[in-house]
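Chain by chain, the residues:
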Amino acid sequence: MPKKLGIMIAGLALFLLIGGGCSRTDAPTTNTSGATETPAVKDTSPIKLGWLGPLTGDVSSVGTANREGTELAVKEINDAGGINGRKVEVVYEDGACDSKTASNAGNKLINVEKVTAIVGGLCSGETLANTTVAEENKVVMVAYGSTAPSLTTAGDYIFRVVPSDSYQGKYAANFVYSTLGKKKVAVLYAKTDYTEGIAQVFIDEYKKLGGEVVLTDTFLQTDRDLKTQLTKVKNSEAEALYFPTYTEAAVVGFKQMKELGLSISIIGPEGYADPKIVAAEGTHDTMYTAPVSPENESFNNKFMAATKRTDVPIYTTHAYDATKILLETIKKVGTDKEMIKNELYNVKNYQGVSGEITFDKNGDLATANYEIMVIKNNKSEKYSAQ
Amino acid sequence: MFLQLLINGLIAGSIYALISSGFSIIYTTNKFVHFAHGSTATVAAYFLYWTFSGLGIPIYITFPLTIFVAALFGFLIHLVIYLPLKKRKTSSVILLIASIGIMIFCDNLMQLLFGANVKILSIFPHGRGIEFLGAYITPIQIAILIIVLILFVGLWTFSKYSRLGKIMRAVADNPELAKTTGINSVRIQHWSFVIGSAIAGLAGILIALEHNIEPSMGTHLMIQGFTAAVIGGVTSLPGSIVGAYVLGLVENFGIWWLPSGYKSAIAFVLLLAFLLVRPQGIFGINKGARE
């Protein structure tokens, strides 16, 4: 028996190692060499950028579209002759919307590929897993979808072209409390950097407004059975549910809500714009907050023509803008990493396809505008009070 | 609330039982941990997705075909990978490592073939469950409960009364002694893989209908299935099924009070407690196997 027992425990330990992929890495490995490239004069070698985002796993449907946004921006610059005669090359790495995978990918980009700067990541966990190594090696990261409030103070080299959830969570809380008039909510969120951050902002603001959070509960992003959590929500006195999660758990969550007959209002963050969620069962009448993005018909047409897609998935315009801003900065100051960082802080009122971009002293967007979208018959439309 | 949680726990338990029972059948006759058992369910689920959604073959053909493919898959793994290793008198640790290799390979192969996105099988329209004393249950969930019940009774009858079942128990109890009485133990091990994997195929179908399909589903299921089997007694078929229900109920009732993030923690605490206090599980005996 002891031998068998040993085997089982060994097997379990191995499993935990493998399963550990869903947990957060607090200390990403870093390379301490920190050598900076010496900027070459009259260099015609290509400029190497890194790109980080989910190409597999949860949210990969968004990530692959965002990659095409970057590809389009780079193609335009290269077609116009590149930057000061140098072509732009991008190394694409999969962050899988998971801290551990993203940490490996980021380390590879910075230490092995020696990229000048990084576009990415999409998920907050992907970006947060790489802030230390990016700071130490002075590599600028411009995230195009990471909205976690904790990124604000993550470091000088970390920028983002999307507003922090400290705006979005507040906006959602105000909408639920004032516009919908719901005074009691339940909050159910996945344990990830992004969803935990926005849930906390929502709870704080909602309480400040005078509302009551009757239930707060969590689940793992890898869970596919939320029935018990939803049963708890149903049996609480909640008049609305705030439900921040990434795509795959949301899809089963909505199905199980319908099965359990949960009929209160559901509100979520901008991640719900993922076509997989919009097309999912049980999402009818679900609402979500989304950053106001100016309708940019010419970009949309250009993108759809280049990729043969029929829509422009969320954060694609942001990935395009992040790439363009970085490349235009490099064009201005060259490939010196510190100069790139300094110059980015001077970006003011940049007219991007995702909106106007001005970085504040933390590398965050200085302003943010949101609107409420509602899913009706598997289509997103702007919310209007009946 | 109590009734709803009970139903949730029973459904979760039934799903775990579908994995743990097949795992237990394979374990008793082979005496090593076949972790790739969960991957058999994944492969079956993707096969169903491919034949039904991709090729448009009707379900009365695809369902039996999926179970057959899963059985074949399990048989081939045993024939091509485990049997040559066993012939070299490899230790069960090496077999365990091999099974983990197969599991990772299968997960990644499915991801390569079908992509990482979650796949949704829309065979039956989903909708609001049927109300039953204030609790809700969907037709698919009722089907899962009934199928597992039938399977349980069927397996028990099989192992207790059928010739093959008796031989399997003999091999499980003492392979050497079984051999001296003229039993071909390799053939019995083949059979255990075929039967166990066929159950995994059934699990793949039902889980695909209840939880959607994704490449890592088998790995996650296997953790719960393995835990359930250890709790119930890995050498005992009824034990592995009882263990699955214990796990499903404890997880779901546990998070009634505890924050739901602790769901997996509850499962592992239970597993460790059993390993420390009663390593043979609820129904297991120290040596050999029961029906």
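This structure is a prediction, so every number in the text was calculated from the model and none was measured. Within every chain, residues take consecutive numbers counted from 1 along the sequence as written. All chains are assigned letters beginning with A, and all ligands numbers beginning with 1, in the order in which they are written. Thresholds applied to this predicted model are a pLDDT of at least 70 for local features of residues and 80 or more for the giving and counting of side-chain atom pairs; totals over whole chains, interfaces and linings are not thresholded and use all residues.

*Asks:* Can you explain the overall build of chain B? Please cite residues and give values.
*Replies:* Scanning chain B for helices and strands turns up 11 helices and two strands. Secondary structure elements follow DSSP: runs of H or I no shorter than four residues count as helices, runs of E no shorter than two count as strands, and numbering proceeds from the N terminus. When the helices and strands of chain B are read in sequence order from the N terminus, they spell out α-α-α-α-β-β-α-α-α-α-α-α-α. Against the 2.2 N^0.38 benchmark of 19 Å for 291 residues, chain B shows a C-alpha radius of gyration of 19 Å, consistent with a compact globule. Once the C-alpha set of chain B is aligned to its principal axes, its extents read approximately 60 × 45 × 35 Å. We call two residues in contact if the C-beta atoms placed from their backbones are at most 7 Å apart. The contacts of chain B with a sequence gap of at least 6 include a subset with a gap of at least 24, amounting to 78%. Radius of gyration means the value over C-alpha atoms here, while the globule rule gives 2.2 Å times the residue count to the 0.38 power.

*Asks:* How would you summarise the overall build of chain A if you had to cite specific residues and measurements?
*Replies:* The secondary structure content of chain A amounts to 13 helices and 14 strands. Each residue is classified by how many other C-beta atoms fall within 10 Å of its C-beta atom, where C-beta atoms are placed from the backbone; a count of 20 or more means buried, 12 or fewer means exposed, and values in between mean partly exposed. Here chain A, with 386 residues, has 54% of them falling under the buried criterion. Residue pairs at least 24 apart in sequence account for 71% of intrachain contacts in chain A once pairs closer than 6 positions are excluded.

*Asks:* Requested: an account of the nonpolar core, with residues and values cited.
*Replies:* A:M141, A:V142, A:Y144, A:L241, A:Y242, B:A44 and B:A45 are the most contacted members of the largest nonpolar core, which has 184 residues in total. Among the elements that line this core, the one with the most residues is helix α1 (residues 2-30) of chain B, at 13 residues. An automatic or database domain assignment supplies the start and end points of every domain. Residue assignment places this core across two domains, with domain 1 (47-164 + 295-368) and domain 2 (166-291 + 371-382) of chain A each supplying three or more. If sequence neighbours within four positions are ignored, B:A44 has contacts with B:T66, B:V69, B:A70, B:A200, B:G201, B:G204 and B:I205. Nonpolar core, as used here: buried Ala, Val, Leu, Ile, Met, Phe, Trp, Tyr and Cys residues forming one set through C-beta atoms within 7 Å. Counting six residues, the second-largest nonpolar core is a separate cluster that includes B:A170, B:A172, B:A178 and B:I188.

*Asks:* Lay out the interface of chain A and chain B in plain terms, naming residues and giving numbers.
*Replies:* Taken residue by residue, the interface counts 35 residues in chain A and 36 residues in chain B. Elements that contribute at least two residues to the side of chain A that touches chain B include exactly α1 (2-19), α2 (60-79), β7 (212-219), α8 (227-235) and α9 (247-260) of chain A. Sorting elements by how many residues they give to the side of chain A that touches chain B places α1(A) first, with eight residues. Think of it as three bins: nonpolar holds Ala, Val, Leu, Ile, Met, Phe, Trp, Tyr, Cys and Pro, charged holds Asp, Glu, Lys and Arg, and polar takes everything else, Gly as well. A per-class count over the side of chain A that touches chain B returns 12 nonpolar, 13 polar and 10 charged.

*Asks:* For the sheet that holds strand β14 (residues 379-382) of chain A, give the residues involved together with the corresponding values.
*Replies:* Residues and elements named next belong to chain A. One requirement defines pairing of two strands: DSSP has to find at least two bridges between them. Reading across from one edge, β7-β6-β8-β9-β10-β13-β14 is the order of the seven strands in this open sheet, with mixed pairing throughout. Of all strands in the sheet, those bounded by a partner on one side alone are β7 and β14. Strand after strand, the sheet turns through a mean of 30 degrees between neighbouring axes, direction not considered. With seven bridges connecting them, strand β6 (residues 184-190) and β7 associate as parallel partners. When the sheet's bridge partners are listed, L188 is paired in β7 with D217. Packing of α8 onto the sheet brings it into contact with β6, β7 and β8 (240-242), and relative to β7 it is tilted by some 175 degrees. Between N-to-C directions, angles span 0 to 180 degrees; the directions come from axes that are lines fitted to C-alpha atoms, helices contributing only their stretch in contact.

*Asks:* Go over unusual backbone geometry with me, naming the residues and quoting the values.
*Replies:* Residue and element names in this part refer to chain A. G121 follows G120 through a cis peptide bond whose omega is 0 degrees. Take G121: it is sitting in the loop between β3 (117-119) and α4 (124-128). Even without being a glycine, K138 presents a positive backbone phi close to 55 degrees. For K138, the location among the structural elements is in the loop between α5 (131-136) and β4 (140-143). Given 17 C-beta atoms within a 10 Å radius, K138 is considered partly exposed. Positive phi values are uncommon outside glycine, yet Y315 reaches one of about 70 degrees.

*Asks:* Run through the domain arrangement of chain A, naming residues and quoting values.
*Replies:* Residue and element names in this part refer to chain A. Annotation of chain A at the domain level lists domain 1 (47-164 + 295-368) and domain 2 (166-291 + 371-382). Each of domain 1 and domain 2 was reduced to a C-alpha centroid, and the two centroids are 28 Å apart. Counting from both sides, the interface comprises 20 residues of domain 1 and, opposite them, 19 residues of domain 2. For the side of domain 1 that touches domain 2, the elements supplying multiple residues, two or more each, are α2 and α4. The leading source of residues in the side of domain 1 that touches domain 2 is α4, at three residues. A per-class count over the side of domain 1 that touches domain 2 returns 12 nonpolar, six polar and two charged.

*Asks:* An account of the pairing of strand β10 (residues 287-291) of chain A is requested, with residue identities and associated values reported.
*Replies:* Regular strands have side chains that alternate between both faces of the sheet. Residue and element names in this part refer to chain A. Taken across its five residues, β10 has four buried, putting it largely inside the fold. Pairing geometry for strand β9 (residues 265-268) and β10, over two bridges, is parallel. From the neighbouring strand, I267 faces β10, where its bridge partner is M287. Bridge count for β10 against strand β13 (residues 370-376) is five bridges, and the pairing is antiparallel.

*Asks:* Please give an account of the environment of B:G225 that cites residues and values.
*Replies:* Residues and elements named next belong to chain B. In this fold, G225 is placed in helix α9 (residues 217-232). Residues G225 and A172, spaced 53 residues apart in sequence, show a C-alpha to C-alpha distance of 20 Å. In this structure G225 touches Y16, I19, S20, F23 and G38, once residues within four positions along its chain are discounted.

*Asks:* Can you lay out the sheet that holds strand β5 (residues 158-160) of chain A for me, pointing to particular residues and giving the numbers?
*Replies:* Residues and elements named next belong to chain A. Taken in spatial order, the five strands line up as β2-β1-β3-β4-β5 in an open sheet, and their pairing is parallel. The sheet is open, and its two borders are formed by β2 (88-94) and β5, each paired with just one other strand. With strand direction ignored, the average angle separating the axes of adjacent strands in the sheet is 25 degrees. Pairing geometry for strand β1 (residues 47-53) and β3, over three bridges, is parallel. Within β3, the position partnered with G50 by the bridge is I118. Sitting on the sheet, helix α3 (residues 99-112) is in contact with β1, β2 and β3, with an inclination near 155 degrees to β2. Against the sheet, helix α13 (residues 337-344) makes contact with β3, β4 and β5, and its axis sits at roughly 40 degrees relative to β4, the strand it touches most.

*Asks:* Quick rundown of the pairing of β1(A)? Include the residues and the values.
*Replies:* Residue and element names in this part refer to chain A. Counting buried positions along β1 gives six out of seven residues, so the element sits mostly inside the fold. Of the strand pairs in this sheet, β1 and β2 are connected by seven bridges, and their pairing is parallel. Looking at the pairing, L49 lines up with V90 of β2. A crossover links β1 with its parallel partner β2, the connecting element being α2, and its sense is right-handed. With its strands directed away from the observer, a crossover is right-handed exactly when the path from the first strand over the helix to the second travels clockwise.

*Asks:* Quick one: what's the story with the packing of helix α10 (residues 237-257) of chain B against helix α11 (residues 263-277) of chain B, residue by residue and with numbers?
*Replies:* All names here are of chain B. In contact at an axis separation of 9 Å, α10 and α11 are set at 135 degrees when each is read in the N-to-C sense. Between α10 and α11, the angle is such that the two are oblique. Between α10 and α11 the crossing geometry is right-handed. On the side of α10, the interface is formed by L247, V250, E251, G254 and I255, while α11 contributes K263, I266, A267 and L270. Considering only residue class, the contact of α10 with α11 consists of six nonpolar, one polar and two charged. Here the word oblique covers every angle except those under 35 degrees (roughly parallel), over 145 (roughly antiparallel) and from 65 to 115 (roughly perpendicular). Crossings are assigned a handedness: left-handed for a near helix turned anticlockwise from the far helix by less than a right angle, right-handed for a clockwise turn.

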